[in-house]
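Examination of the molecular architecture
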Amino acid sequence: MKFMKLGSKPDTFRSDGNNVRYVASELATDIAVTVGDVKFYLHKFPLLSKSACLQKLVASGNEQNCDEVQISDIPGGSVVFEICAKFCYGMTVNLNAYNVFATRCAAEYLGMYETIEKGNLIYKIDIFLNSSIVHSWKDSIIVLQTTKSLSPLSDELKVAGLCVDAIATNACIDVSKVDWSYTYNRKKLPEENGNDPNFNGVKSRPVPKDWWVEDLCELEIDLYKRVIMSIKTKGIQSHEVIGEALKAYSYRRLPGFSKGVIHSCDVGKYRSTVDTIVWLLPAEKGSVSCSFLFKLLKAAIIVDSGEMAREQLVRQIVQQLEEASLNDLLIRAAEREDVMYDVDMVKKIVNKFLMQDRNAEYESEENEVQEIQRSGILTDASKLIVAKLIDAYLAEIAKDPNLPLSKFVDLAETVSCISRPTHNGLYRAIDMYLKEHPWISKSERKRICKLMDCKKLSADACMHAVQNERLPLRVVIQVLFFEQLRGAAATSSGTSTPDLPKSLKNPNGGSHGSSRSAPTNPEEDWDSVSATEELKALKTELAALRLRNRGDNRNNVDNEAAISKMKGLMKSKRIFTKIWSSKAAIGENSGSDSSESLGSANPEEAKSTPSRNRRHSVS
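Per an unreviewed UniProt entry, the protein chain carries the name BTB/POZ domain-containing protein NPY2-like and comes from Gossypium harknessii. Per UniProt, the protein chain carries the Pathway (unreviewed entry) text "Protein modification; protein ubiquitination." We quote the UniProt Sequence similarities (unreviewed entry) comment for the protein chain here in full: "Belongs to the NPH3 family."

Laid out in structure tokens, this is it:
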């Protein structure tokens, strides 16, 4: 036992440096309380007068003639027990947001109720919580954070619920009543640094509606979920602000999220965070950006979230797919896959996007009134944006040497129902695929080129295509023909491009309508030397025509002569008997390589770049 002759009233606890704590008092201590690895030498009377738990422990020790008490599981350990012991001695106790909840739990453990003594510690702490903590924005967040380590007791004592409701209430008050402390991360404004010449000494910046979102990022995901749910239940904050809060939390709590990855060897621990954020997403369209939804989808795939979370993200992405960027669509494939990107997921999203129109048509058949009132039906503009986006995506995934042709073609055909004024983007994607997959067969080249329409290529794209040796010969000739007609129309009557001649549209239907004579190897026929020579002649004439078209009006006579020569060359029997008639005589499907196939990106992207072999690429 310790005995000290100091003041008549103890004012603090002393320590001898060996994990021993004692009260400076004239009275000898008569009980030793061991908490963890710290031993307290205390007096029975002040402790027993306020703690029901110590009364029982001391009574049990007296029966065994023992004046030592062991306490091993008190919340907060020896530090918090000392606070409770000080209160029993009437010493000054400093409670704050960081220790108040642990002290409340310890007081509960020690049984410091009003029935033991009026004005006991539990009563004092509850007053402190309700009169001070819940009215302080920062303190209520801090206290809620401290409840994490003592979660079972936090619900039993209703402290966590008290803090959650206080935080939600403060987050929903009118911004005109918010005294914003500018504490969360942001760049200081010029007037705050004193650099604004118009600064008059008063911070007049209005408080934003999302002033609270950064501070809540300090909460663990389960507590954060409770707060956001409480805020949503109150129905005051808009879904855009809720979306902004979820976005801020994702960027803070998921390392690498901004780049669409998760930087951690233990990605499994982030699964609950991703799933909870997805579950909390407002259902309203536009609550968050499409880019943010794609980042969440990528994160959900990485952490192996459940199918329900992924499906919800896909549904919300589909509602605003026209807002997406190319980078959003670049979803990495699973490690076990040979391909670089998850093309199947993108195809699934595009299919669901287009299904919105089909669903609308079905509803209109059932109930025309409902169809008129239905929102979200696709516009031509949004469909065109998505089609161009997929063209750009195709050009990017085409760089993957392991990408099967079937995946490329299937995705391209998914948006083939969307009419585009130009196929430049599709042409660029096709050319990129041919460049990165030079080993594919001639039939496969025909198959991929069938995706685009030569008539929808811009002048620059046409100039690139006629010099592109990766394209099948028939496709190049189609491009030459349409470009020749376009040039002729531009320099003469100004009329629109006429339709492709029947012999070019349907090589199978020869001069007498026959589809049964002729060579057995069409591939060799199309690649014959004579056909190549004639193609070179067409290229030369086309180049001369385009050059003259850009000259002064004084060259009109020469232009007309060039046009006439080109027309004669294109219509001559020497060209069509050697190239088209032999092909027309074969029983081959006329659409296998027809004008229903090419495309490209923006005209700027179609500018040619000469290669070592005079081959050009739009990559």
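From this point, things continue past the structure.
**With respect to the overall build of the protein chain**
Across its full length, the protein chain holds 28 helices and five strands. A burial count over the protein chain gives 47% of its 619 residues as buried. Put simply, 71% of the contacts in the protein chain that link residues at least 6 apart link residues at least 24 apart. Of the roughly 31,300 Å² that the protein chain leaves accessible, carbon and sulfur atoms contribute 49%.

**Some details on the pattern of salt bridges**
One pass over the full model with this rule turns up 20 salt bridges. A salt bridge links Arg21 to Glu82; its shortest N-O distance comes to 2.7 Å. Note that Arg21 is positioned in strand 2 (residues 20–23) and Glu82 in helix 3 (residues 77–89), a separation of 61 residues in sequence. One salt bridge in this structure joins Arg252 and Glu218, with 2.8 Å as the shortest N-O distance. With a gap of 34 residues between them, Arg252 in helix 11 (residues 239–253) and Glu218 in the loop between helix 9 (213–216) and helix 10 (221–234) connect regions that are remote in the sequence. Residues participating in the shared-partner salt-bridge network are Arg21, Glu82 and Lys86.

**Examining the sheet that holds strand 2**
An order of 1-2-4-3-5 is seen for the five strands of this open sheet, with the pairing classed as mixed. Looking at the sheet topology across the chains shown, the edges are occupied by strand 1 (13–15) and strand 5 (68–71). Neighbour-to-neighbour, the strand axes of the sheet open up by a mean angle of 25 degrees, direction not taken into account. Bridge count for strand 3 (residues 31–35) against strand 4 (residues 38–42) is five bridges, and the pairing is antiparallel.

**A closer look at the nonpolar core**
Judged by nonpolar contacts, the single largest core of 153 residues is most densely connected at Leu42, Phe81, Trp212, Leu216, Tyr224, Ile231 and Phe408. The contacts of Leu42, once residues within four sequence positions are left out, are Phe13, Val23, Thr29, Asp30, Ile31, Val33, Leu47, Phe81 and Tyr89.

**Details of the packing of helix 13 (residues 290–302) against helix 14 (residues 307–319)**
Interhelical geometry of helix 13 versus helix 14 gives an angle of 160 degrees and a closest axis separation of 10 Å. One way to sum up the angle between helix 13 and helix 14 is to call them roughly antiparallel. The two elements helix 13 and helix 14 meet at a crossing, and its hand is left-handed. For the pair helix 13 and helix 14, contact is made by Cys290, Leu293, Phe294, Leu296, Leu297, Ala300 and Ile301 and by Arg310, Leu313, Gln316 and Ile317, respectively.

**Brief notes about the packing of aromatic side chains**
Going through the model one piece at a time under the given rule, you end up with nine aromatic pairs. Relative to Tyr89, the ring of Phe13 has its centre 6.1 Å away and its plane inclined at 90 degrees; by these criteria the two rings are edge-to-face. Taken as a pair, Phe13 in strand 1 and Tyr89 in helix 3 lie far apart in primary sequence, 76 residues in all. Tyr89 matches Phe13 in its accessibility class, with the two residues each being buried. Joined through ring pairs, the aromatic side chains of Phe13, Phe40, Phe81 and Tyr89 make up one cluster. Across from the ring centre of Trp279, 4.6 Å away, lies the NZ or CZ of Lys225, which sits over that ring.

**Regarding the side chain of Thr34**
On the secondary structure map, Thr34 appears in strand 3. Using a relative accessible area of 9% as the deciding quantity, one classes Thr34 as buried. Aside from chain neighbours lying at most four places away, what touches Thr34 is Lys39, Val69, Gln70 and Ile71.

**A look at the environment of Ser250**
Structurally, Ser250 is set in helix 11. With a relative accessible area of 0%, Ser250 lands in the buried category. Along the chain, Ser250 and Ile277 lie 27 residues apart, while their C-alpha atoms are 7.7 Å from each other.

**Topic: the pairing of strand 4**
Counting buried residues in strand 4 gives four out of five residues, a clear majority hidden from the surface. Where strand 2 and strand 4 come together, three bridges link them in parallel fashion. Its bridge partner lying in strand 4, Val20 is registered against Lys39. Between the end of strand 3 and the start of strand 4, which pair antiparallel, lie two residues, with Gly36 showing a positive phi angle near 65 degrees.

Reading the values: rules and limits
The residue numbering used here restarts from 1 in each chain and proceeds along that chain's sequence as written. In keeping with the model being predicted, local features are shown solely for residues with a pLDDT of at least 70 and side-chain atom pairs are shown and tallied solely at 80 or more, while totals for entire chains, interfaces and linings include all residues. The side-chain figures draw on all heavy atoms in the structure; neither hydrogens nor water molecules are used. UniProt positions are given in the numbering used here, feature names are shortened, and annotations may be inferred rather than shown by experiment. Secondary structure elements are taken from DSSP: a helix is a run of H or I of four residues or more, a strand is a run of E of two residues or more, and numbering for both begins at the N terminus. Burial classes follow relative accessibility: with a 1.4 Å probe on protein chains only, a residue under 20% of its type's maximum area counts as buried, one over 50% as exposed, and anything between as partly exposed. In what follows, a contact means two residues having at least one pair of non-hydrogen atoms within 4.5 Å. Throughout, the Shrake-Rupley method with a 1.4 Å probe supplies accessible areas, and for residues the shown protein chains are the sole cover considered. Counted as salt bridges are all cases of a side-chain nitrogen of Lys or Arg within 4 Å of a carboxyl oxygen of Asp or Glu. Being paired, for any two strands, means DSSP has found at least two bridges between them. Whenever a helix is involved, its axis is fitted only over the stretch in contact; in every case the axis is a line through C-alpha atoms, and angles between N-to-C directions fall within 0 to 180 degrees. What we call a nonpolar core is a set of buried Ala, Val, Leu, Ile, Met, Phe, Trp, Tyr and Cys residues that are connected through their side-chain atoms within 4.5 Å. Put simply, angles under 35 degrees are roughly parallel, angles over 145 are roughly antiparallel, angles from 65 to 115 are roughly perpendicular, and the rest are oblique. Should the near helix be turned anticlockwise from the far one by less than a right angle, the crossing is left-handed, and should it be turned clockwise, the crossing is right-handed. A pair of Phe, Tyr and Trp rings is counted when the ring centres sit within 6.5 Å of each other, with Trp represented by its six-membered ring. The angle between the planes then sorts it: under 30 degrees is stacked, over 60 is edge-to-face, the rest tilted. We count a charge as sitting over a ring when the NZ of a lysine or the CZ of an arginine lies within 6 Å of the ring centre and within 35 degrees of the ring normal.

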